[in-house]
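Residue strings, one per chain:
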Amino acid sequence: MSIDGRVAVLGVGTMGEAILKGLRSGDHPVPASRLRGTVRGKSRAQELTRRLRVRIGTDNVHAVREASVVVVCLKPMNVLRVLRELAEAGALEHAPLVLSVAAGVSTQALESVVGKSPVVRAMPNTPCAIGKGTTVLTGGARAKKKHLQTAHRIFQPLGESLELDEKHFDTVTGLSGSGPAFAYLMVESLADGGVMMGLPRDVAVRLAARTLLGASEMVLATGSHPAALKDDVTTPAGCTIAGILALEDGRIRSTLARAVEKAAACAAGLGNSER
Ligand SMILES: NC(=O)c1ccc[n+]([C@@H]2O[C@H](COP(=O)([O-])OP(=O)(O)OC[C@H]3O[C@@H](n4cnc5c(N)ncnc54)[C@H](OP(=O)(O)O)[C@@H]3O)[C@@H](O)[C@H]2O)c1
């Protein structure tokens, strides 16, 4: 199903660009004439307009006026201020769907500044840039099924999208939002081990990345518990169990779990400081 009307993306940075590219791809691409984007700097707006072949400007009010969906991809600290400015300028009077990807900014906070607009909150992650992302969605008090459907359609070309209760959003931010960075660290560290033992760096990085990719696909494809898959590959007195014990000595489990806990706690405070 296609997306009706115009879509304005406020803040065409990493996430905004991925979303605009997604809107231009997939089975039902949105024509460029129905897309608008904004950034702060004029020269960056010009460069993005040339590169993405979508009109990118610096005037949020202008971009939003005729949009049926406003996708907010600003840094969390800027979100409420910019939306308040739009509401004060009357740019949200037609009550477009406001879809925010900002970490730590609740639907309740968004609803308090957008007038009658329904609100959907999303937590995507950076693999969205290559169509391999995971996005969690939740609707605010005024959001109806059709608004969540529109949000799914926007994120569908970027990977997988699912819905969860908003109480889980900070945790989702700590796990799948911040998670790609944790995985990069794991790829780098595994590759370092390979380099230490004599592999060329490029080969080591490729082997490490494809190993994490394949193992993740095994978890998803089999539906087996990761511990069962691990048991399947640990031969008694073998090399894999020797490596696992080294990881356990380094407290890998609690270290990774605590990374999610810390990132989630940090996410909870993100939307609180406005600039
Ligand atoms: N990146 C991620 O992995 C990720 C994952 C999940 C959620 N998110 C959420 O996505 C949001 C954006 O993150 P990001 O990483 O994409 O940030 P980013 O790359 O820094 O992009 C932010 C964009 O906002 C623009 N901007 C700043 N003030 C503006 C204003 N007043 N009006 C219009 N545009 C304005 C900036 O323009 P200039 O370039 O001209 O300064 C920049 O292009 C954040 O709220 C974050 O929580 C990000």
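As a reminder, the structure under discussion sits directly above these lines.
None of these values were measured; they are calculated from a predicted model.

Asks: Just checking my understanding: could you explain the sheet that holds strand S1 (residues 6-10) for this structure?
Replies: Within a beta sheet, neighbouring strands are joined by backbone hydrogen bonds and run either parallel or antiparallel to one another. Reading across the sheet, the 8 strands line up as S3-S2-S1-S4-S5-S6-S7-S8 and stay open at both edges, with mixed pairing between neighbours. Only two strands of the sheet have a single partner each, and these edge strands are strand S3 (55-57) and strand S8 (159-163). Across the sheet, the mean angle from the axis of one strand to that of its neighbour is 20 degrees, orientation sign disregarded. Contacting strand S6 (119-123) and strand S7 (133-139), helix H7 (residues 169-177) crosses the sheet at an angle of about 35 degrees to S6.

Asks: I tried to follow the site of the ligand on my own but got confused; where do I start?
Replies: The ligand sits among 22 residues. The nearest are Thr-14, Met-15, Arg-40, Gly-41 and Leu-74. Within the backbone of Met-15, one N or O atom sits 2.8 Å away from an oxygen atom of the ligand. Coverage of the ligand by the protein amounts to 82% of the 900 Å² it exposes when considered alone. A majority-of-atoms criterion places the ligand in the second largest pocket. If you list the elements that add at least two residues to the shell around the ligand, you get helix H1 (14-23) and helix H4 (76-88).

Asks: I keep staring at the nonpolar core and nothing clicks. Help me out?
Replies: Ile-19, Leu-20, Leu-23, Val-71, Ile-154 and Phe-155 are the most contacted members of the largest nonpolar core, which has 32 residues in total. Those elements that place two or more of their residues in this core are S1, H1, helix H2 (42-52), strand S4 (67-72), strand S5 (97-100), S6 and helix H6 (145-155). Apart from residues lying up to four places away in sequence, Ile-19 is in contact with Val-9, Val-71, Cys-73, Val-101, Ile-154, Phe-155 and Leu-158. With 22 residues, the next largest nonpolar core counts Val-64, Leu-92, Val-105 and Val-113 among its residues.

Asks: So what exactly am I meant to see when it comes to the layout of surface pockets here?
Replies: Sizing a probe to match a water molecule and rolling it over the atoms shows the empty space that remains. Considered as a void within the structure, the second largest pocket measures approximately 990 Å³ in volume. The wall of the second largest pocket is formed by 38 residues, among which Met-15, Cys-73, Leu-74, Lys-75 and Pro-76 lie closest to the centre. Of all the secondary-structure elements, those providing two or more residues to the lining of the second largest pocket are H1, H4, H7, helix H8 (179-196) and helix H12 (252-268). When residues of the lining of the second largest pocket are assigned to their parent elements, the largest contribution, 5 residues, is made by H4.

Asks: Where do I start with the pattern of salt bridges in this structure?
Replies: For side chains bearing opposite charge, pairing can occur when the charged atoms are close. In this structure the tally under the stated criterion is 11 salt bridges. The shortest N-O distance in the salt bridge between Arg-51 and Glu-17 comes to 2.6 Å. Taken together, the residues span a long stretch of sequence, with Arg-51 in helix H2 and Glu-17 in helix H1 at a distance of 34 residues. A relative accessible area of 41% means that Arg-51 is categorised as partly exposed. In this structure Glu-17 comes out as buried when scored by relative accessible area, which is 13%. Across the pair Arg-44 and Glu-47 runs a salt bridge, and its minimum N-O distance is 3.8 Å.

What counts as what
- Residues numbered from 1 in each chain as written.
- Predicted model: local features only at pLDDT ≥ 70, side-chain atom pairs only at ≥ 80, totals over all residues.
- Heavy atoms only, no water.
- Pairing = 2+ DSSP bridges.
- Helix = DSSP H or I, 4+ residues; strand = E, 2+ residues; numbered from the N terminus.
- Axes fitted to C-alpha atoms, helices over the stretch in contact; angles between N-to-C directions.
- Contact = heavy atoms within 4.5 Å.
- Near = heavy atom within 4 Å.
- Polar contact = N/O pair within 3.5 Å; in protein donor to acceptor, adjacent residues only side chain to side chain.
- Areas by Shrake-Rupley, 256 points an atom, 1.4 Å probe, with all protein chains shown as cover.
- 1 Å grid on protein atoms, 1.4 Å probe; cavity = no way out; pocket = protein on both sides within 12 Å on 5 of 7 lines; lining within 4 Å.
- Sits in = over half its atoms within 2 Å of the grid points.
- Core = buried A, V, L, I, M, F, W, Y, C linked by side-chain atoms within 4.5 Å.
- Buried < 20%, exposed > 50% of the residue type's maximum accessible area, 1.4 Å probe, protein only.
- Points joined across faces, edges and corners; volume = space filled by probe spheres on them.
- Salt bridge = Lys/Arg side-chain N within 4 Å of Asp/Glu carboxyl O.

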